[in-house]
Amino acid sequence: MSRSKEWLITTNATWNGTDYRWTFPSGATLSFGYLNHDKDKYRYQSSAFQFIGFDETTQYSEDNYTYLFSRLRGPSDSPIPLRMRGATNPGGEGHQWVYERFIVPESNRVFVPSTLSDNRFINKKEYEENLKELDPTSYKQLAQGLWVTEGQGKSFSPSFWRGKNRFLESEASKEKVVSRWL
């Protein structure tokens, strides 16, 4: 929400802090919600969204994630595509289902990997020093983007996908995929 305020405060959109919603002059809205508990998904039972985005997808159960597909709908004549997107780090309670749904090659879903080196907005050197305080698995997950758990035996890093994923064979095609899927 704080980032949205940075971006939108100087526009004609209006913020409603009670409903956690931006309303644009066209009538379009940008709303923020939560899923703290499994039953929270039912807060959205009568809602209709044309875009649903998850931040830190591995912090949610698969059931909460997939339930919200039932809220992904819009008018039949709308030119706006229906989209569900998620961003996350490896680890967390949903690590395994996210891994199976998006990371394994057989999933046939778009996975755009990223590592610490891709984040141009933070002090990488200081952050990596802080990450070294973590256990080895958590360090590999957060610093290197490795989808590995203790004893799992297999790990998939972003470098694994280079040349294997038709969407990520060059930086130019990576940018096209990112813009297409956002």
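All chains use their own residue numbering, which begins from 1 and follows the written sequence. The predicted nature of this model means local features are confined to residues of pLDDT at least 70 and side-chain atom pairs, given and counted, to a pLDDT of 80 or more, with totals for whole chains, interfaces and linings taken over all residues. Values reported for side chains reflect all heavy atoms of the structure, with hydrogen atoms and water molecules removed beforehand.

A. Region of interest: the packing of aromatic side chains. The rule is short: rings of Phe, Tyr and Trp, with Trp giving its six-membered ring, pair when the centres are within 6.5 Å, and they are stacked under 30 degrees, edge-to-face over 60, tilted in between. For the structure on display, the rule yields 9 aromatic pairs. Ring geometry for Trp15 and Trp22: centres 5.2 Å apart, planes at 50 degrees, overall tilted. Relative accessibility thresholds used throughout: buried, under 20% of the residue-type maximum; exposed, over 50%; partly exposed, between the two (1.4 Å probe, protein chains only). The class for Trp15 is partly exposed, based on a relative accessible area of 27%. With a centroid separation of 5.0 Å and an interplanar angle of 50 degrees, the aromatic rings of Phe54 and Tyr65 are classed as tilted. Within this pair, whereas Phe54 is found in strand S4 (residues 51–55), its partner Tyr65 is found in helix H2 (residues 62–67), the two being separated by 11 residues in sequence. Only runs of H or I of at least four residues qualify as helices and only runs of E of at least two qualify as strands under DSSP, and these elements are numbered from the N terminus.

B. Looking closely at the sheet that holds strand S1 (residues 14–16). Pairing within the open sheet is antiparallel, and its 3 strands lie in the order S1-S2-S3. Edge positions in the open sheet fall to S1 and strand S3 (29–31), since each of these has one partner strand only. Across the sheet, the axes of successive neighbouring strands diverge by a mean angle of 20 degrees, strand direction being ignored. Bridging between S1 and strand S2 (residues 21–23) involves 3 bridges; their strand directions are antiparallel. The residue of S2 that forms the bridge with Thr14 is Thr23. Note: two strands are recorded as paired if DSSP finds a minimum of 2 bridges between them. Think of each axis as a best-fit line through the C-alpha atoms, taken over the contacting stretch in the case of a helix, with angles from 0 to 180 degrees between the N-to-C directions.

C. Representation of the confidence of the model for the protein within the structure. Scored between 0 and 100, pLDDT is the confidence that the predictor attaches to each residue. With 81% of its residues at a pLDDT of at least 70, the protein reaches an overall mean of 84. The lowest-confidence element of the protein is helix H7 (residues 171–181), averaging 46 in pLDDT; the highest-confidence one is S2, averaging 98. The criterion used for residue contact is that any of the two residues' heavy atoms lie within 4.5 Å. When the criterion is pLDDT under 50, residues 160–170 qualifies, and its contacts beyond four places in sequence or with other chains add up to 21 contacts. Counted against residues more than four places away or in other chains, residues 176–182, with its pLDDT under 50, gives 9 contacts.

D. Fine view of the pairing of strand S5 (residues 83–87). Bridge count for S4 against S5 is 5 bridges, and the pairing is parallel. Considered in S5, the bridge of Phe51 is made with Arg83. For crossovers, right-handed means that the path from the first strand over the helix to the second runs clockwise, given strands pointing away from the viewer. Handedness of the S4-H2-S5 crossover: right-handed.

E. Summary view of the side chain of Arg71. Along the chain, the position of Arg71 falls in the loop between H2 and S5. Buried Arg71, no salt bridge; nearest opposite-charge side chain is Asp63, N-O distance 12 Å. For Arg71, the contacting residues outside a window of four places in its chain are Tyr44, Gln45, Ser46, Ser47, Ala48, Phe49 and Ile52. For the charge count, each Lys or Arg is scored as positive and each Asp or Glu as negative, with His and the chain ends excluded. Throughout this description, the term salt bridge denotes a Lys or Arg side-chain nitrogen within 4 Å of a carboxyl oxygen of Asp or Glu.

F. Fine view of the nonpolar core. For the purposes of this section, nonpolar cores are sets of buried Ala, Val, Leu, Ile, Met, Phe, Trp, Tyr and Cys residues that join through side-chain atoms within 4.5 Å. Residues Phe54, Leu68 and Met84 are the most contacted members of the largest nonpolar core, which totals 18 residues. Broken down by secondary-structure element, the contributors of at least two residues to this core are S4, H2 and helix H3 (95–103). The dominant element in this core, judged by the number of residues it contributes, is H3, at 5 residues. Residue contacts for Phe54: discarding those within four places in its chain leaves Leu35, Tyr60, Asn64, Tyr65, Leu68, Met84, Arg85, Gly86 and Ala87.

G. Molecular detail of H3. Of all 9 residues that make up H3, 7 are buried, and the element is covered over most of its length. Residues of H3 that are buried include every one of His95, Trp97, Val98, Tyr99, Arg101, Phe102 and Ile103, and no others.

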